[in-house]
There are 2 protein chains.
Amino acid sequence: MRPTVHDVAEAAGVSLATVDRVLNRRAGVRSETIERVETAIARLGYVRDVAAANLAKSRVYRFAFIVPEGPNSFMRGLEREIELSGLRSRLERTDIRIIKVPPFDGAALAAALNGLETADLSGVALVAAGSPAVIAALERLHRRGVEIVTLVSDIEVVSRSHYVGIDNVAAGRTAAGLLGRFVGGRAGTIALVVGSMAVRDHVERCDGFRAVIAAEYPGLDVLPPLEGRDDARTAGRLLRDTLAARDDIVGLYSVGAGNRGVIEALRDRSASLPHIAVVAHELTDHARQALADGTFDAVINQDAGHEVRSAIRVLKAKVDGLPVIDAQETIRIEIYLRDNVP
Amino acid sequence: MRPTVHDVAEAAGVSLATVDRVLNRRAGVRSETIERVETAIARLGYVRDVAAANLAKSRVYRFAFIVPEGPNSFMRGLEREIELSGLRSRLERTDIRIIKVPPFDGAALAAALNGLETADLSGVALVAAGSPAVIAALERLHRRGVEIVTLVSDIEVVSRSHYVGIDNVAAGRTAAGLLGRFVGGRAGTIALVVGSMAVRDHVERCDGFRAVIAAEYPGLDVLPPLEGRDDARTAGRLLRDTLAARDDIVGLYSVGAGNRGVIEALRDRSASLPHIAVVAHELTDHARQALADGTFDAVINQDAGHEVRSAIRVLKAKVDGLPVIDAQETIRIEIYLRDNVP
DNA sequence: GCAATTCTGATTTACGTACCTCAGAGACTG
DNA sequence: CAGTCTCTGAGGTACGTAAATCAGAATTGC
């Protein structure tokens, strides 16, 4: 049987009230006594029963999730997952609120963060767009005891924060490894379509991609990125122009949003032209279709549901002062071909 | 605030004891009264607070995990993950026991199942090797109220069971999709190395693999599988013989155990010979190395840690009579290239 | 040496559920 | 009509912890 506070009290030769004070860092205990209690805790291997503690406290975890608004399919999927997890979390005394902010807009994000009612808020998860104002807002929240987790895209160090998302450099390298092999020894150029070079995740993917292509596929040239800014039409137009302007394109890496436009541009190519190998990101409905009909060869994905559940677990662990299980909280870079789409 | 049993009692106009009898399916309540209580539960949206219930019951979940013994790296990794989860689960009133049985041996597995003390056992997770005796033993366990989950390899229907593992047919199809592209249009034959055609997961992978190669890569021939029987030396020897006997091999799919032998056989080939594209299963230490030095092009993996945690969650949900969240419990087919190895 | 202050102990209530006992109401049997 | 049986209510204790109150002990300041 696990030891309880009663056992600790007995072992330390103090009362239950004293053990409670030590455990909950309340004042009124001599340092010598604190040490006696802590020794007893260590000796017995006592661990607080979080379920019982939360019951006694009638604790409610209150978390806010901040996501960019707009047409970005991945973000909308993320939002759905947050809603779903929020519904289920009700049963576990967890209250989750979603706050939407304009994308690519540090000032708006900072304003949203500063507008949060910190009194009964225990944690914030946000898709970070870095800016000094945002960092200041996060530091302020943290000083008020709010735990912070970055989602999908990371941001410069915030004390004691945690990042839930994939390693985007590795994702870019992986895309390069796949595309390099899919191109199959042909020489030529590779086009890049990104959402915006102003968000860190896209920049990192490009960096990783270029590094591997340069090192391992000397026959391949990578063109400068086409910026679609989360708009399918823009992305499609830019790609169409590039495809029309040159005939040496053998591969395409679609780094971020705007897949719908990319798919249309590719489908409009004449069927007699040689196949362009394509690796894209995020397994949305459009991407699934493109995989099924051969327009995309592979899709790299991060599972939004996993990310949301992981963020919630991490926030809870931090609030409860428990360790985070890294192996469980690592978000994998998922690769999908036509054959392993779930 | 969530409604409690008290609210339900008041709403139904009965006493707390009666609500309790209904909730816990104890005798002594008229069916008409049961209905009144259930209506109130539905109307209020009452859900039992599992944490409080477990506290009150001083419940301890007792689970047995049955895994094959022997040198199979994946199984040893699985066992480590079970131990790890077991240690952590202690804090959540969960006691996990590991039972090892000889591999590929239905009779031994059935004997182990029949030897389980069912009195205080709430669930069993097993790497299934199907046989009538095993199925009978599982049915018996299930009649005694023990929940059953199959791990990694599934088995013919057991009432109310659950399978935690990847879709092995899809894994084989995925391997074919990768290998077909990696071979890069060359014609030739593909070798298959399996553990045993007596376990269902390996058979399914081969089926999926052959189907895609036959349909999409007409230039490629697939050789009959070489059975290594979880023994690296055997697998290595068989592959070496095949490689020596023919020079038209352009690809290899290593379906199961024995990767160490496969890797050695491949490394011993003269460096002047053309590259053989290789897709293998399970990201063990040897496989990581083979990815790093280019011996393997891709590794398909199932995350043993996820599987164990999923099995525990599913067993708990079943014991508590709660629904299983399918999206969370689906085990992904992971693809690793050199660049996304964690 | 007395008061004020700080520390500690004992005890109680609460969280939401499980489970037990005891008593009584009502229906049925013979 | 007494006796039995089934159903229901009332109330209590327990699970492990949090948090509060009150009282007594030890320490400090003056």
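Summarised in this report is the structure supplied together with it. Since we're looking at a predicted model, the values are computed, not measured.

Observations concerning the packing of aromatic side chains
All names here are of chain A.
- According to the stated counting rule, one finds five aromatic pairs over all chains in the structure shown.
- Their ring planes at 25° and their centres at 4.6 Å tell us that F209 and Y253 sit as a pair that is stacked. Taken together, the residues F209 in helix α9 (residues 200–216) and Y253 in strand β9 (residues 249–254) connect sequence positions 44 residues apart.
- Above the plane of the ring of Y61 lies R59, whose end atom (NZ or CZ) is 5.3 Å from the centre.
- A cation over a ring is seen here: R229 above F104, with NZ or CZ 5.0 Å from the ring centre.

Regarding helix α7 (residues 132–143) of chain B
All names here are of chain B.
- Between its terminal C-alpha atoms α7 stretches 17 Å, which fits the 16 Å expected from 12 residues at 1.5 Å a residue.
- Among all positions of α7, only V134, A137, L138, R140, L141 and H142 are buried.
- For α7, the elements touching its buried residues are α6 (106–114), β3 (123–126) and β4 (147–151).
- Residue G145 follows α7 closely and has a positive phi angle near 85°.

Digging into the nonpolar core
- In this structure, F65, L78 and F209 of chain A together with F65 and L78 of chain B are the most contacted members of the largest nonpolar core, which totals 101 residues.
- Beyond its immediate sequence surroundings of up to four residues, F209 of chain A is in contact with G172, R173, A175, A176, L179, I190, L192, V222 and Y253 of chain A.

Quick notes on the protein's contact with DNA strand D
- The local shell around DNA strand D holds 29 residues, among which R48 of chain A together with T18, V29, R30 and T33 of chain B are the closest.
- Sugar and phosphate atoms represent 69% of those atoms of DNA strand D found within 4 Å of the protein.
- S15 of chain B is positioned such that a nitrogen or oxygen atom in its backbone is 2.9 Å from a phosphate oxygen of DNA strand D.
- A distance of 3.4 Å separates a base oxygen of DNA strand D from a polar backbone atom of L55 of chain B.
- Going through the elements one at a time, α1 (5–12), α2 (16–23) and α4 (50–57) of chain A together with α2 (16–23) and α4 (50–57) of chain B are the ones with two or more residues in the surface near DNA strand D.
- With four residues, the top contributor of residues to the surface near DNA strand D is α4 of chain A.

How each quantity is defined
- Note on numbering: residues in each chain are counted from 1, in written sequence order.
- Working convention: letters from A go to chains and numbers from 1 go to ligands, in the order in which they are written.
- For a predicted model such as this one, the threshold for reporting local features is a pLDDT of at least 70, and the threshold for listing and counting side-chain atom pairs is 80 or more; totals across whole chains, interfaces and linings nevertheless cover every residue.
- Excluded from the side-chain calculations are hydrogens and water; all other atoms, namely the structure's heavy atoms, are used.
- Between the rings of Phe, Tyr and Trp (Trp by its six-membered ring), a pair exists once the centres lie within 6.5 Å; its type follows the angle of the planes, with under 30 degrees stacked, over 60 edge-to-face, and the other angles tilted.
- Going along the chain from the N terminus, every DSSP run of H or I of four or more residues is numbered as a helix, and every run of E of two or more is numbered as a strand.
- Think of it as a cone above the ring: NZ of Lys or CZ of Arg counts as a charge over the ring if it is within 6 Å of the ring centre and within 35 degrees of the ring normal.
- Here the expected length of a helix is defined as 1.5 Å per residue gap, with one fewer gap than residues.
- For each residue, the accessible area found with a 1.4 Å probe, counting protein chains only, is set against the maximum for its type, and the residue is called buried under 20%, exposed over 50%, and partly exposed in between.
- Residue contacts are counted whenever heavy atoms from the two residues lie within 4.5 Å of one another.
- For our purposes a nonpolar core is just a set of buried Ala, Val, Leu, Ile, Met, Phe, Trp, Tyr and Cys residues, chained together by side-chain atoms within 4.5 Å.
- Here, proximity means that at least one heavy atom of the residue falls within 4 Å of the molecule or strand.
- Polar contacts, as counted here, are pairs of nitrogen or oxygen atoms within 3.5 Å of one another; within protein the pair requires one atom able to donate a hydrogen and one able to accept it, and residues that are adjacent in sequence qualify only if both atoms are side-chain atoms.

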